[in-house]
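Spelled out from the first residue to the last, the chains are:
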Amino acid sequence: MDSTDPLSQLADIHLPAEISFWPPALGWWLLCALLLAAMVWLGIQFFKQWQRQRRCNFALAELDKCCQSYSNAASADEEQQSAAKLNLINGVNAVLRRVALKHFPEDQVASLSGAAWVTFIRQNSTSNLLDEQIATALAQGRFAPRCDVDTEKLHAMAQQWIKGLYLARIETPQSLSTPAPEHA
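Residues numbered from 1 in each chain as written. Predicted model: local features only at pLDDT ≥ 70, side-chain atom pairs only at ≥ 80, totals over all residues. Heavy atoms only, no water.

1. Thoughts on the overall build of the protein
Put simply, the rule reads: Labels follow the DSSP assignment, with helices taken as runs of H or I lasting at least four residues and strands as runs of E lasting at least two, numbered in each case from the N terminus. Categorising residues by exposure relies on relative accessible area from a 1.4 Å probe, with only protein chains included: less than 20% of the type maximum marks a residue as buried, more than 50% marks it as exposed, and the intermediate range marks it as partly exposed. For every accessible area listed, the method is Shrake-Rupley and the probe measures 1.4 Å; residues are considered covered only by the protein chains on display.
The helix and strand inventory of the protein stands at 6 helices and 0 strands. Written out in order from the N terminus, the α and β elements of the protein read α-α-α-α-α-α. Classification of the 184 residues of the protein by burial places 31% in the buried group. In the form shown here, the protein has an accessible surface area of approximately 12700 Å², with 59% of it arising from carbon and sulfur atoms.

Next up, the structure:
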């Protein structure tokens, strides 16, 4: 008999190759696709918010130009100051109308004037800064020979209305108007 151990003649065990990280399993592909879709969605939302903020800042700058023009003319005589106040009211009205035309369908906003315009502003506002004096000034300012309004209150009301439309995304009542599909 052979005195050698028969087990010593066996070859060593061959280990399988290490598992590589590539190609990943289906679950990892799904997770990557989900993360990519979430990043794209967040990027689009960030871009829309950035555009909204930029447009809001531009509208507020236009409003501030109107007020700056008025404050430059405020030191003049009474007749020029009255004319400057009418120009301020008309300038604020123009800025508010342009903002409204960006947020609502043109056929619902462009034809509004007088009391209907003031009602539209009230219905699409979250504040109560629009008092009767400012409402009268906005409704009749363009045609009035003289208008007395608190310019600081007018500026604050217009600022809050613009910020409300751009930044807070005011939902309007369906009875008066419907928001445009894209907020500008």
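2. Topic: the layout of surface pockets
Selection rule: Cavities and pockets were defined on a 1 Å grid built over protein atoms only: a cavity is a set of grid points that admits a 1.4 Å probe from which the probe cannot escape, a pocket is an open set flanked by protein on both sides within 12 Å along at least five of seven lines, and lining residues are those with an atom within 4 Å of any such point. Grid points are joined across faces, edges and corners, and a volume is the space filled by probe spheres set on the points. Residues are grouped as follows: Ala, Val, Leu, Ile, Met, Phe, Trp, Tyr, Cys and Pro are nonpolar; Asp, Glu, Lys and Arg are charged; every other residue, Gly included, is polar.
Counted as a void, the second largest pocket has a volume near 150 Å³. Residue lining of the second largest pocket: Arg55, Phe58, Ala59, Glu62, Val95, Arg98, Val99, Lys102 and Tyr166, and that is the complete set. Elements with a contribution of two residues or more to the lining of the second largest pocket: α1 (26-73) and α2 (78-103). Looking at side-chain class alone, the lining of the second largest pocket contains 5 nonpolar, no polar and 4 charged residues.

3. Re the packing of helix α4 (residues 114-123) against helix α5 (residues 132-140)
What counts is decided by this rule: To get an axis, a line is fitted to the C-alpha atoms, and for a helix only the part in contact is used. The angle between two axes follows their N-to-C directions and goes from 0 to 180 degrees. Here the angle decides the label: under 35 degrees means roughly parallel, over 145 means roughly antiparallel, 65 to 115 means roughly perpendicular, and every other value means oblique. Left-handed describes a crossing in which the near helix is turned anticlockwise from the far one by less than a right angle; the clockwise case is right-handed. Whether two residues are in contact is decided by their heavy atoms, any of which lying within 4.5 Å being enough.
Running from N to C, α4 and α5 point in directions that differ by 130°, and their axes come no closer than 8 Å. Looking at the two axes, α4 sits oblique to α5. Once α4 is placed against α5, the crossing between them reads as right-handed. Contact with α4, carried on its side by Gly114, Ala115, Trp117, Val118, Ile121 and Arg122, involves Glu132, Ala135, Leu138 and Ala139 of α5 and no other residues of that element. A class-by-class count of the residues in the contact of α4 with α5 yields 7 nonpolar, 1 polar and 2 charged.

4. Overview of a nonpolar patch on the surface
Here is the rule: Patches here: salt-bridge-free residues with over 30% relative accessible area, like charges joined within 9 Å, nonpolar side chains (Val, Leu, Ile, Met, Phe, Trp, Tyr) joined within 5 Å. Within this document, salt bridges are pairs made up of a side-chain nitrogen of Lys or Arg and a carboxyl oxygen of Asp or Glu, the two lying within 4 Å of each other.
A cluster of nonpolar side chains, contributed by Phe21, Trp22, Leu26, Trp29 and Leu30, occupies part of the molecular surface with about 690 Å² of accessible area. Among the secondary structure elements, Leu30 is positioned in helix α1. Judged by its relative accessible area of 54%, Leu30 falls in the exposed class.

5. Let's talk about helix α6 (residues 151-167)
For an α-helix, the turn length of 3.6 residues means that residues three or four places apart are oriented alike. To keep it simple, the criterion reads: The span you would expect from a helix comes to 1.5 Å times its residue count less one.
With 17 residues, α6 should reach 24 Å at 1.5 Å per residue; the first-to-last C-alpha distance of 24 Å fits that figure. The inward-facing, buried residues of α6 abut α1, α2, α4 and α5.

6. Focus: the packing of α2 against α4
Where α2 meets α4, the axes come as close as 12 Å, and the angle between the chain directions of the two elements is 60°. In terms of orientation, α2 and α4 fall into the oblique class. Crossing of α2 against α4: the hand is left-handed. Where α2 approaches α4, its residues Asn93, Leu96, Arg97 and Ala100 are matched on the opposing element by Trp117, Phe120 and Ile121. Here the residues of the contact of α2 with α4 are counted per class, giving 5 nonpolar, 1 polar and 1 charged.

7. A few points about the nonpolar core
Here is the rule: Buried residues of nine kinds, namely Ala, Val, Leu, Ile, Met, Phe, Trp, Tyr and Cys, make up a nonpolar core once their side-chain atoms join them within 4.5 Å.
Grouped together as the largest cluster of nonpolar side chains are 38 residues, with contacts concentrated most on Leu96, Leu138, Trp161 and Ile162. Elements that contribute at least two residues to this core include exactly α1, α2, α4, α5 and α6. Examining the composition of this core, we find that 9 residues originate from one element, α2, more than from any other. If sequence neighbours within four positions are ignored, Trp161 has contacts with Leu96, Val99, Ala100, Phe120, Ile121, Asn124 and Ser125.

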